[in-house]
Protein chains: 2
Amino acid sequence: MMSLEDKGSVQTQTKVLSQGCWTQVSCPCCVSKQVEPLVLIQLSDSVQPVTKRWLISLIEASKRHGGAALLAHPGEDECGNVIVVSAPRCTLLRATEDLGLCKKYRNEEMASFSYHDRDNFTNVDDMQEFLTLAERQYIVKNELDSLQAQKKQRIPGVPEAPGVLEAWENICQKLVRAGVIKDIFPLHDQQRLNDLGRRWYSKKQIWRQPLDAIQSYFGGTMAFYFSFLQFYTWALIPPAFLGLVLTFPLPGGGGVVKEQARKGVMEEEDYGLSVSGHMVQAVFSMLWSTVFIEFWKRRSSSLSHRWGTWHLTERFAEPRPGFHGTLGINPVTGRLEPLFPEWQRQLRVGLVSFPLVGLFLGLVVLGMTGLYHGEALVQGFHQDSGSLFSGVLLYMPSIAHTVYTTILKNVYHAVAMQLTKWENHREESSFQNHHITKVLLFTFFNNFAVLFHIAFYKQDLPLLRKRLASLLILNQLVNQCTEVVVPFIVDRFLSAPQKKKQEDDLEMDKLRAQRRLPPFPGLFAEYIELLVKFGYLSLFSCVYPLTAVLLLLNNITEIPGDAYKICKLFRKPFSAPVSNMGVWQTAFEVLRFVSIMSNCWLLLLSPHVQEFCLEGGISGKNIILVAILVEHVLILVKMILAFMIPDEPDWVRIKREQIEFNSMQALGKQVRMI
Amino acid sequence: MMSLEDKGSVQTQTKVLSQGCWTQVSCPCCVSKQVEPLVLIQLSDSVQPVTKRWLISLIEASKRHGGAALLAHPGEDECGNVIVVSAPRCTLLRATEDLGLCKKYRNEEMASFSYHDRDNFTNVDDMQEFLTLAERQYIVKNELDSLQAQKKQRIPGVPEAPGVLEAWENICQKLVRAGVIKDIFPLHDQQRLNDLGRRWYSKKQIWRQPLDAIQSYFGGTMAFYFSFLQFYTWALIPPAFLGLVLTFPLPGGGGVVKEQARKGVMEEEDYGLSVSGHMVQAVFSMLWSTVFIEFWKRRSSSLSHRWGTWHLTERFAEPRPGFHGTLGINPVTGRLEPLFPEWQRQLRVGLVSFPLVGLFLGLVVLGMTGLYHGEALVQGFHQDSGSLFSGVLLYMPSIAHTVYTTILKNVYHAVAMQLTKWENHREESSFQNHHITKVLLFTFFNNFAVLFHIAFYKQDLPLLRKRLASLLILNQLVNQCTEVVVPFIVDRFLSAPQKKKQEDDLEMDKLRAQRRLPPFPGLFAEYIELLVKFGYLSLFSCVYPLTAVLLLLNNITEIPGDAYKICKLFRKPFSAPVSNMGVWQTAFEVLRFVSIMSNCWLLLLSPHVQEFCLEGGISGKNIILVAILVEHVLILVKMILAFMIPDEPDWVRIKREQIEFNSMQALGKQVRMI
């Protein structure tokens, strides 16, 4: 089915780009009747035709001559300010091997693709079937990014000062800096996009999203995000059910928990929640978070097997574009590339980034204490004078704190990005990990500092419950608004007239029109939102069992909202093949550990336990010791659980080992074949 | 130098085994003038010549014909009850590849050995240089162990009942069960052994043992043990120094610590140790244990690179001899072999082994409480009656407890072995891991239960100190006795006359005489001793800073003692190539975490802190909360430290990545070469 879509779309698109203007290929296997436009390079309006011709020749040139071995199309004419880029079969296949992607072998098993063994892979003659759209576009971007000047040279048509390329300088980065290239972005395939949208957000497919189609169109990063969101939504059903049972104990039906809950409610009316329910919920959320993460790991590994990305060779790949260093020979691969010593990077991380991040965390705490002091001060002043002015003043500390936090957050985000760039990571994944870790630490502090302060220092459970509930409900409302209402308005009132106008334009303008959409900002904000909410659930849900219900509702609106946003409101993003959620998964695992401490502590504060201590005459000291013991035992249980549930399903493990064994065998026989 | 030794010893040994009786080889590369006897198969005295001939023919037969492709020598004549086994070059080289050993390539770098690329490896023509003695002997054992009956058949010369081999039955195991084979053991090379001994224990080389020679002669397991012991001894110097400074503060010289210590001594005379010293020691041992383990990991990985064992293919190897299951095709390797489903093994571990181990741990605790109750009972009785009889009775609980513990320990060891066998692990390493984990858990409980009880429940620091000191000193005395005195006596008075007698015998008898030595019991007991002592140091040393000094003394006598024992008192053991200490390393890492909890707790109990609380009017509850906070922060710091110190030195990482990159490249090019 997808193959039909694919071929159809290629025909509709290519008919408008005059076939003759594409690069002529000499390699017999790369000749094809249709060329699929994959990536658009938007040049500046003032670009000289000679510069454009030079860039096109570079894109077309073979690798041996320092080119990218891609196909280029100059748009309407040589003076236009776009270049449309595609890739011939040979380049795509070689890049597939370099990336370490797995594809279907003739025996229907997935196998690491090898260019020299290409004829034994299925669909190898049809690139639209063999590689997904996201993979083809990523490969084109990758090839463009790895263009390097072979020797010191001038860029034709560019003034002297910015127009000199040093030997081995990255050409694309240089052209962006020199203002020649404005943008490089992958092209949407409108027909496939509409099909995907119909199967995805229009039908509100929350429980069974078309994940394979998402992976194929948008790439692995996006597909893993939505897979996780779907898995998480399913996983929220048990805690949501428990939360409902604990909060609204139905007469007749609900068993032990319910009865305990009812008894609890009678005992502790002002809590609105039974004490035993509190304990049930605390123990449940500790176990649930472990089982959830462990099973997600299994799901994640089977997805990465399904999508052929569990054997990526990222470590040996070219360094990421922003990486710089002294030119030298990579000791591992033997290639000439910039080198930067690892110890220097570690020094930068340890001696500069680490203290700076600590400083900002300190500033968050400072802000919080400032808020409390300010509030106390203003309260005192208001009680003394009681004027209108002092009544207005009462709001000032909160407002000041909000302004302070917002400024701090923005400054921090900029600082984190600059620091991570300065740390000069060689691999994109390492860069992402360090950047995300920095931002996450701050976000956690910013979001949870107040809650932790209430729970651990003030030890005020009712206040904690009120705060959590207001946070969740406010969040939910804001979310509903932004995720559902805004896209609806945009869709109905803003984009509709534009669409009509577009249909009259030339196809080339349609391609160019995609630039009008804002670039996709990445999944950063989405993941952070998920994490913070997961934090509310696993850390504090025992004081407010409806958390899971609210999160479930939130996810149900989040999925189609996110899907719509990604399909309609942004440019298509480039997406590297990935084998898991990367550092986000680690972040969830860390939260899982913090949740034990938090839940043990909240258990200790629970009125039931406190009362029990008073009645039994047990000293506060001893009960704390018991709590510590329980905490350590629970951490042990979590570790055992994590160890007992294998990270990969058996069938994935066997397939992975098969591939490893085969490659080992093949390696041994290699020289015999000469 | 080693090569000279090697050749010399081969000549001395082979001249006595008549050259003509060895298997004649047809393969031109395997023809050599001398054959080195590697392994001795001791048959029962009543073995029939027909059985012996059949076994020899099996050992000599090629792999295609279901043989082991080894060389056999019938001893003096066909009726003798020994078979001497050696290996031809081809078998050794193929096995080297199968094991995944790395050897020196012609460019002087280590590379995964490939049989088909053999000519590019250095020393490949001289097996005595190319493979170590331990590797050659292990390969012979491995080949013998993997002998399988090709079809159902009778063993010639063995009575009907035990003499029928089922298809694919393991032949060696069957022959051992049928009483045909009594023993299979590797032969000592007396000359090399004497050389090694001279360089090792005779010169008391504690700080710089001949590790390469040990690895070459005894194999990786032994070499890693002694490397660790040496590393550990070096690492004990700083804590020993600190312990001495804290215990005996010299006048003038010792700085802040000393002054604090002196002040402390004056304040707290009955403790014999200053309070601040206590804190210094606690913090120091937490940091020290982390840094120690992290740096050992680095050392270990560079050793495994040096010895070419960091790329072993154990996972794809043949199952271990004791493994049984229904015959089927291994989904990974495609070989016919017994299969046993993983989930069934996990069920056995989870539902039987786990509860049984728990039961025994419960019995240990029961014994301990029994001891305390008994002591209290007897004490009461003695105070009431005060007779001689009751005075004798006072010792009864201790004696009963010792007897109980000893019996329990022996029963448990047997149960642990049987359970692990019953769990039916496929790989030897997995078997070892499960067995060691079981024994370790029990040993920890047995050794530390009393100390933990005193520290955490009784909260009696002086008692803890007395107990620890007496344990250490007693242990030290017993150790001195067994490790130094016993070998000396054996050497001087018992083995000397035997030696003389042996020299008059035939060389064949000399080989056979090695069987008179007891088989080597493994390093189990040695490692456990090390671990328990490391536990004393990292868990409790802050109450008795001389621990490190005593351990240092202990190690200094331990190294030559162990070395002597291994060289002189036992048969040579088989030793599989290993890349690290395996599960023992994990055990040390676990202790490191427990040490944080224990040290935090002991800090809390320290008189200085208690006094500070009393003076400041801080409640016991709050100080405990602070301690928990400190504990969690310290765990975080440990994790960061462990993360910051890379597990491999940079040069090892680069070499490893080089090999991985090369094999990936080679794999890609493989088909092109056809």
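In every chain, residue numbers begin from 1 and rise along the written sequence. Here the convention is simple: chains get letters from A, ligands get numbers from 1, in the order in which they are written. pLDDT decides what is reported in this predicted model: residues at 70 or higher carry local features, side-chain atom pairs at 80 or more are listed and counted, and totals for whole chains, interfaces and linings draw on all residues regardless. In computing side-chain properties, one takes all heavy atoms of the structure into account and sets aside hydrogens as well as water.

### Quick word on the overall build of chain A
- Of regular secondary structure, chain A possesses 24 helices and 10 strands.
- To sort residues, take the accessible area from a 1.4 Å probe on protein chains only and compare it with the maximum for the residue type: under 20% means buried, over 50% means exposed, and anything in between is partly exposed. Taken across its 674 residues, chain A has 51% of its residues classed as buried.
- We call two residues in contact whenever any of their non-hydrogen atoms come within 4.5 Å of each other. Of all intrachain contacts in chain A linking residues separated by at least 6 positions in sequence, the fraction that spans at least 24 positions is 73%.
- Here the accessible surface of atoms and residues is derived via Shrake-Rupley with a 1.4 Å probe, and residues count as covered only by protein chains that are part of the display. Per element, the accessible surface of chain A, about 31400 Å² overall, is 62% carbon and sulfur. We count a stretch as a helix when DSSP gives it H or I for four or more residues in a row; a strand needs E for two or more, and each element gets its number in order from the N terminus.

### A few points about the sheet that holds strand E8 (residues 181-186) of chain A
Residues and elements named next belong to chain A.
- In this analysis, strands are considered paired if DSSP registers two or more bridges between them. Pairing is antiparallel in the open sheet, where four strands are placed in the order E2-E3-E1-E8. Edge positions in the sheet fall to strand E2 (71-73) and E8, since each has one partner strand and no second. Across this sheet, the average inter-strand angle for adjacent strands is 20°, counted without regard to direction.
- Judged from the five bridges that link them, strand E1 (residues 39-43) and E8 form a sheet pairing that is antiparallel. Comment: axis = line fitted to C-alpha atoms, over the contacting stretch for helices; angle = value between 0 and 180 degrees taken between N-to-C directions.

### With respect to the sheet that holds strand E8 (residues 181-186) of chain B
All names here are of chain B.
- Read from one edge of the open sheet, four strands run E2-E3-E1-E8, paired in antiparallel fashion. Edge positions in the open sheet fall to strand E2 (71-73) and E8, since each of these has one partner strand only. Going across the sheet, the axis of each strand differs from the next one's by a mean of 20°, ignoring polarity.
- The strands that helix H5 (residues 133-145) touches are strand E1 (39-43), strand E3 (82-86) and E8; relative to E1, the one it contacts most, it runs at about 40°.

### Digging into a nonpolar patch on the surface
- Patch building starts from residues that exceed 30% relative accessible area and form no salt bridge, then joins like charges within 9 Å and nonpolar side chains (Val, Leu, Ile, Met, Phe, Trp, Tyr) within 5 Å. Each salt bridge in this description consists of a side-chain nitrogen of Lys or Arg and a carboxyl oxygen of Asp or Glu lying within 4 Å of one another. Together, Tyr395, Met396, Ile399, Val403, Ile407 and Val411 of chain A give the surface a local cluster of nonpolar side chains, amounting to about 580 Å² of exposed area.
- Residue position: Ile407 of chain A is located in helix H15 (residues 396-423).

### Some remarks on the pairing of strand E9 (residues 326-329) of chain B
Residue and element names in this part refer to chain B.
- Examined bridge by bridge, E9 and strand E10 (residues 336-339) share four bridges and lie antiparallel to one another. Of the residues in E10, the one forming a bridge with Ile329 is Leu336.
- If you look at the hairpin formed by E9 and E10, you'll find six residues sitting between the two strands, and Gly334 has a positive phi there, around 75°.

### Thoughts on helix H20 (residues 547-569) of chain A
- By definition, a residue's bend is the angle between the axes fitted to the seven residues ending there and the seven starting there. Roughly 25° is the biggest bend found in H20 of chain A, and it falls at Glu558 of chain A, with proline Pro560 of chain A one to four residues downstream.
- Most of H20 of chain A is tucked away: 19 of the 23 residues are buried.

### Considering the environment of Ala134 of chain A
- One can find Ala134 of chain A in helix H5 (residues 133-145).
- If we skip the residues at most four places from it in the chain, Ala134 of chain A touches Gln215, Ser216, Tyr217, Phe218, Gly219, Lys572 and Ser575 of chain A.

### A few points about the pattern of salt bridges
Residue and element names in this part refer to chain B.
- Scanning the model with the defined rule gives 48 salt bridges over all chains in all.
- Linking Asp195 and Arg198 is a salt bridge whose minimum nitrogen-to-oxygen distance equals 2.9 Å. In this pair, Asp195 and Arg198 are both assigned in helix H7 (residues 190-202), three residues apart and thus about one turn of the helix distant.
- Among the ionic pairs, Arg592 bridges to Glu589, the shortest N-O distance being 3.8 Å. Residue Arg592 and its partner Glu589 are both found in helix H21 (residues 583-605); the two are separated by three residues, about one turn of the helix. The same class applies to Arg592 as to Glu589, namely buried.

Function cannot be read off these values alone, since they describe shape.
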